[in-house]
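# Coordinate inspection notes
The primary structure of each chain is shown beneath.
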There are 4 protein chains.
Amino acid sequence: MTADGISIGVNHASPVPPYEQLRAQLADLIAVGRLGQGARLPSVRQLASDLGLANNTVVRAYRELEAAGLVESRRGSGTQVIAPSATTGIEVKLAEHTSAYAAARQLNATNDEALAAIRYALAHLDRP
Amino acid sequence: MTADGISIGVNHASPVPPYEQLRAQLADLIAVGRLGQGARLPSVRQLASDLGLANNTVVRAYRELEAAGLVESRRGSGTQVIAPSATTGIEVKLAEHTSAYAAARQLNATNDEALAAIRYALAHLDRP
Amino acid sequence: MTADGISIGVNHASPVPPYEQLRAQLADLIAVGRLGQGARLPSVRQLASDLGLANNTVVRAYRELEAAGLVESRRGSGTQVIAPSATTGIEVKLAEHTSAYAAARQLNATNDEALAAIRYALAHLDRP
Amino acid sequence: MTADGISIGVNHASPVPPYEQLRAQLADLIAVGRLGQGARLPSVRQLASDLGLANNTVVRAYRELEAAGLVESRRGSGTQVIAPSATTGIEVKLAEHTSAYAAARQLNATNDEALAAIRYALAHLDRP
DNA sequence: GTGGTCTAGACCACT
DNA sequence: GTGGTCTAGACCACC
């Protein structure tokens, strides 16, 4: 849990490298609007020490976000979100991912199967 | 597209290492029943040459699947699927993933948003 | 565009640090005669605010120009150009740079290629 | 001078960071055809030790070239040039640069001045 | 052997 | 304080 109430985690056991885990989580927070235009990301040093990473690992993640046009870094003034023209809603983000996942895994879900899936997911999400 | 009609792909540009891409795809095919009990995986050499990978990369993926108890390799008979105690259906797999994704990304979707998501996904899946 | 009709720009995305971008542009303007002997550079505060830079960044650029003997700063009278012993013409400046570039890049241009180059450049310069 | 007869140098005193000096030189060698399609760049370790740099510095340069689509790196098989659709000739490269330089520096050269420039440059190039 | 990532700590540029 | 770069050396994935 970082200062701003956004929590980010890194799984060192995962085959996905830490910088990419970071990048993906931040990209999603931005895409979904949790980090909107002008929002400041935690400082490199802050996030690195929070997560027990080397500074450069965070720098790498921020650099990739910048290359993707999601964020802008300036020496001395930190890293800020550049809002995407049309903010992507949670549903759209979830849907894009679900769809991509199904395709990538060749799950060939029928409509009924997919709906069953989402109902199942909803039923098992721990939520207050 | 490998011999058995199952197609597997490896993206060299991805930060996820090839052996893990392989492992994940095979694990899903098994979890979902596309590769059922007793099904034979392609031979190491076959799959490696199909994908332009070194044999060892495929060996690594198979080894991890074996360690997870999903397949069994025996000299002479290749690598075969050991059906999981309860075969996981497509919906369950999709749902688990969707749910895990939402949690990992802190998307905090409401039920309505999640349903909207799945409808969106369905509408955008190219299907015959 | 600064006060004197000379325009200077800083690209924050460039790997070249801002103070050096400033220094190089000013040095060229001087070398080429656009800023002649006795010409006054914009005040540090002026230039800094025009470009959205911190004062110290401009100070740094001016300091390097002074160390190179191109300008002189005096309290009260700002920063003035000290004309180089022999004023360098545009052609000479361009030529020096072109030549240095070719050498640095090992382009090994023949005379014909270089002439073709300059003709091409001329044809593509937007000029009134 | 590296193995392949291409020589690359890094100036540690320059304000331009080493990885960028590297990137620019390699990009030019490719743009100009000195490193054509399929040509293999020196290995990261090779180049790093030739130039007295840390491996990561070379890695960074190669990564940027890859992001620009000039080059492709594969673990185990090195880094190869992906030829640009239309190979850029030496003259074009030189001209583009000269033109860009003139514009960036506001040299406002006339055609005559530019021609004088190139003649001057040619006269002062040390060439066998 | 190849490239890819990470660390720990340094120094620089910038606000 | 901020981000940006470099080093030295480690370990991993891949051919």
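None of the values given here were measured: they were computed from a predicted structure.

Take the protein's contact with DNA strand F next. Near DNA strand F you find 29 residues, and of these Arg 45 and Asn 56 of chain A, Pro 18 of chain B together with Pro 18 and Thr 57 of chain D are the closest. A share of 70% is what sugar and phosphate atoms reach among the atoms of DNA strand F within 4 Å of the protein. The side chain of Ser 43 of chain A places a nitrogen or oxygen atom 3.1 Å from a phosphate oxygen of DNA strand F. Within the side chain of Thr 57 of chain B, an N or O atom sits 2.8 Å from a phosphate oxygen of DNA strand F.

On to the pattern of salt bridges. Per the counting criterion, the structure on display carries 8 salt bridges over all chains. Glu 64 of chain B serves as the salt-bridge partner of Arg 60 of chain B, at 2.9 Å between the closest nitrogen and oxygen. Linking Arg 60 of chain B with Glu 64 of chain B, this pair stays in helix H3 (residues 55–67), spanning 4 residues, or about one helical turn. One salt bridge connects Glu 20 of chain D with Arg 23 of chain D, and the closest N-O pair in it is separated by 2.8 Å. One end of the pair is Glu 20 of chain D and the other is Arg 23 of chain D, both in helix H1 (residues 18–31) and 3 residues apart, which spans about a single turn. By relative accessible area, Arg 23 of chain D is classed as partly exposed at 22%.

A word on the protein's contact with DNA strand E. Lining the immediate surroundings of DNA strand E are 30 residues, of which Pro 18 and Thr 57 of chain A, Pro 18 and Thr 57 of chain C together with Asn 56 of chain D lie closest. Each atom of DNA strand E within 4 Å of the protein was classed as base or backbone; sugar and phosphate made up 69%. Within the backbone of Tyr 19 of chain C, a nitrogen or oxygen atom sits 3.1 Å from a phosphate oxygen of DNA strand E. Asn 56 of chain D is positioned such that a nitrogen or oxygen atom in its side chain is 2.5 Å from a base nitrogen of DNA strand E. When residues of the surface near DNA strand E are traced back to their parent elements, those giving at least two are helix H1 (18–31) and helix H3 (55–67) of chain A, helix H1 (18–31) and helix H3 (55–67) of chain C together with helix H2 (44–51), helix H3 (55–67), strand E1 (71–74) and strand E2 (78–81) of chain D. Here the surface near DNA strand E gets 3 residues from one element, more than from any other, and that element is H3 of chain A.

Residue and element names in this part refer to chain A. Between H1 and H3, the least distance of the axes is 8 Å, while the angle of their chain directions is 45°. Comparing their axes, H3 and H1 come out oblique. Crossing of H1 over H3 shows right-handed handedness. Two secondary-structure elements touch here, H1 through Pro 18, Tyr 19, Leu 22, Arg 23, Leu 26 and Ala 27 and H3 through Thr 57, Val 58, Arg 60, Ala 61, Tyr 62, Glu 64 and Leu 65. Of the residues that constitute the contact of H1 with H3, the class distribution is 9 nonpolar, 1 polar and 3 charged.

To continue, consider the packing of aromatic side chains. On inspection of all chains with the given rule, the structure shows 0 aromatic pairs over all chains. We note Arg 60 of chain C situated over the ring of Tyr 19 of chain C; from NZ or CZ to the ring centre the distance is 3.8 Å.

Attention now goes to the packing of helix H2 (residues 44–51) of chain A against H3 of chain A. Residue and element names in this part refer to chain A. Where H2 contacts H3, the two axes come as close as 8 Å, and the packing angle between them is 120°. Here H3 runs oblique to H2, going by the angle between their axes. For the pair H2 and H3, the crossing hand works out as right-handed. Of the residues in H3, those in contact with Val 44, Arg 45, Leu 47 and Ala 48 of H2 are Asn 55, Val 58, Val 59 and Tyr 62. Tallied by class, the residues present in the contact of H2 with H3 amount to 6 nonpolar, 1 polar and 1 charged.

About the cut-offs
- Residues numbered from 1 in each chain as written.
- Chains lettered and ligands numbered in written order.
- Predicted model: local features only at pLDDT ≥ 70, side-chain atom pairs only at ≥ 80, totals over all residues.
- Heavy atoms only, no water.
- Near = heavy atom within 4 Å.
- Polar contact = N/O pair within 3.5 Å; in protein donor to acceptor, adjacent residues only side chain to side chain.
- Salt bridge = Lys/Arg side-chain N within 4 Å of Asp/Glu carboxyl O.
- Helix = DSSP H or I, 4+ residues; strand = E, 2+ residues; numbered from the N terminus.
- Buried < 20%, exposed > 50% of the residue type's maximum accessible area, 1.4 Å probe, protein only.
- Axes fitted to C-alpha atoms, helices over the stretch in contact; angles between N-to-C directions.
- Parallel < 35°, antiparallel > 145°, perpendicular 65-115°, else oblique.
- Left-handed = near helix turned anticlockwise from the far one by under 90°.
- Contact = heavy atoms within 4.5 Å.
- Nonpolar A, V, L, I, M, F, W, Y, C, P; charged D, E, K, R; others polar.
- Phe/Tyr/Trp six-rings, centres within 6.5 Å; stacked < 30°, edge-to-face > 60°.
- Lys NZ or Arg CZ within 6 Å of the ring centre and 35° of its normal.

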